[in-house]
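As a plain string of letters, each chain reads:
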Amino acid sequence: MTMEQKFDALAAFVLAEESDAKETARKALAAAMKTETNCVSSNDSKTEDAIHQFLMKLGAQPHLLGYRYAVYGITMAVNRPEVIDNITGTGGFYQTIAAKFDTTASRVERAIRNLIATIWMNGDPDTLISFFGLSIKSDKGQPTNSHFIARCALVIRSRLKH
């Protein structure tokens, strides 16, 4: 699919007003995003293995839906750190993940937030502090989605360099 066709799919999605037209445009956008190879390549098994090991060390539970979304999102952030800068915008981080898994951006955001909450409730506090330190806002008690993804990507990138 050409870049122009991808932009057309994105424009149709953004401009659609009726729910049927919006759904049709969303499916076209999902198909367009699945052809994108710049964010995550299918040969990223070493990166994905490192992400799985890291998330398990933090106390993540793989059966949670947010786990799959987080793995894909962290892989995107490892390969292209700038994707985290546009986490909620049109064509941004959540939308890319949503298109890949044929869901909505709000469901992706909520599922990742739930994964983080579960990690913070069940994970080893010493391990969490060792990776996230004092950078967690005390009023929330856990990192934001973007901070979590960015920090995980940073750790994975440094591990892959060694």
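Residues numbered from 1 in each chain as written. Predicted model: local features only at pLDDT ≥ 70, side-chain atom pairs only at ≥ 80, totals over all residues. Heavy atoms only, no water.

Colleague: So, the overall build of the chain: which residues are in play, and what are the values?
Modeller: Counting its secondary structure elements, the chain contains eight helices and zero strands. Along the chain, helices (α) and strands (β) appear in the sequence α-α-α-α-α-α-α-α when read from the amino end. By residue count, 41% of the 162 residues in the chain fall in the buried class. (Helix = DSSP H or I, 4+ residues; strand = E, 2+ residues; numbered from the N terminus. Buried < 20%, exposed > 50% of the residue type's maximum accessible area, 1.4 Å probe, protein only.)

Colleague: An account of unusual backbone geometry is needed here, citing residue identities and associated values.
Modeller: Non-glycine residue D102 carries a positive phi angle of around 55 degrees. Its place among the elements puts D102 in the loop between α5 (93-101) and α6 (105-122).

Colleague: Please provide a residue-by-residue account of the pattern of salt bridges, values included.
Modeller: This structure, assessed with the given rule, holds two salt bridges. With a shortest N-O distance of 3.1 Å, E82 and R80 are connected by a salt bridge. Accessibility expressed as a relative area gives 26% for R80, which makes it partly exposed. A salt bridge links E109 to R113; the shortest N-O distance between them is 2.7 Å. Here E109 pairs with R113, and both are found in helix α6, just four residues apart, close to one helical turn. (Salt bridge = Lys/Arg side-chain N within 4 Å of Asp/Glu carboxyl O.)

Colleague: Provide a residue-level description of helix α7 (residues 125-132), including the pertinent values.
Modeller: Burial in α7 covers these residues: T127, L128, F131 and F132. Along the axis of α7, the buried positions cluster into a sector of 105 degrees, meaning they face one direction only. Pointing more than 90 degrees away from the buried face of α7 are the exposed residues P125, D126, I129 and S130. Packed against the buried residues of α7 are α3 (45-58), α6 and α8 (145-161). Note on α7: the residue one or two positions beyond its end, G133, has a positive phi of about 55 degrees. (Arc of directions from axis to C-beta. Contact = heavy atoms within 4.5 Å.)

Colleague: Hey, could you go over the packing of α3 against α7 for me, with residue numbers and the actual values?
Modeller: In the contact formed by α3 and α7, the axes pass within 9 Å of each other and the chain directions differ by 130 degrees. Judged by the inter-axis angle, α3 sits oblique to α7. Along the contact surface, α3 presents F54, K57 and L58, while α7 presents T127, L128, F131 and F132. Among the residues making up the contact of α3 with α7, the classes are represented as five nonpolar, one polar and one charged. (Axes fitted to C-alpha atoms, helices over the stretch in contact; angles between N-to-C directions. Parallel < 35°, antiparallel > 145°, perpendicular 65-115°, else oblique. Nonpolar A, V, L, I, M, F, W, Y, C, P; charged D, E, K, R; others polar.)

Colleague: Before we move on, can you summarise the packing of aromatic side chains with the specific residues and values?
Modeller: We describe a pair of aromatic rings using the distance from one ring centre to the other and the angle between the two ring planes. Applying the stated criterion across every chain, the model contains six aromatic pairs. Ring geometry for F54 versus F131: centroids 4.7 Å apart, planes at 90 degrees, classification edge-to-face. Placement of F54 in helix α3 and of F131 in helix α7 is noted, with a sequence separation of 77 residues between them. Judged by its relative accessible area of 1%, F54 is buried. Ring geometry for F132 versus F148: centroids 5.7 Å apart, planes at 5 degrees, classification stacked. One end of the pair, F132, is in helix α7; the other, F148, is in helix α8, with 16 residues separating them in the sequence. Like F132, the residue F148 is buried in the burial classification. (Phe/Tyr/Trp six-rings, centres within 6.5 Å; stacked < 30°, edge-to-face > 60°.)

Colleague: Can you break down the packing of α3 against α8 residue by residue, with the values?
Modeller: α8 packs onto α3 with a crossing angle of 120 degrees between their chain directions and a minimal axis gap of 10 Å. In terms of their interaxial angle, α3 and α8 are classed as oblique. Between α3 and α8 lies a crossing whose hand is right-handed. Contacts between α3 and α8 involve K46, T47, A50, I51, F54, L55, K57 and L58 from the first element and F148, C152, V155, I156, R159 and L160 from the second. The residue inventory of the contact of α3 with α8, partitioned by class, reads 10 nonpolar, one polar and three charged. (Left-handed = near helix turned anticlockwise from the far one by under 90°.)

Treat this as a map of the structure, not an account of what it does.
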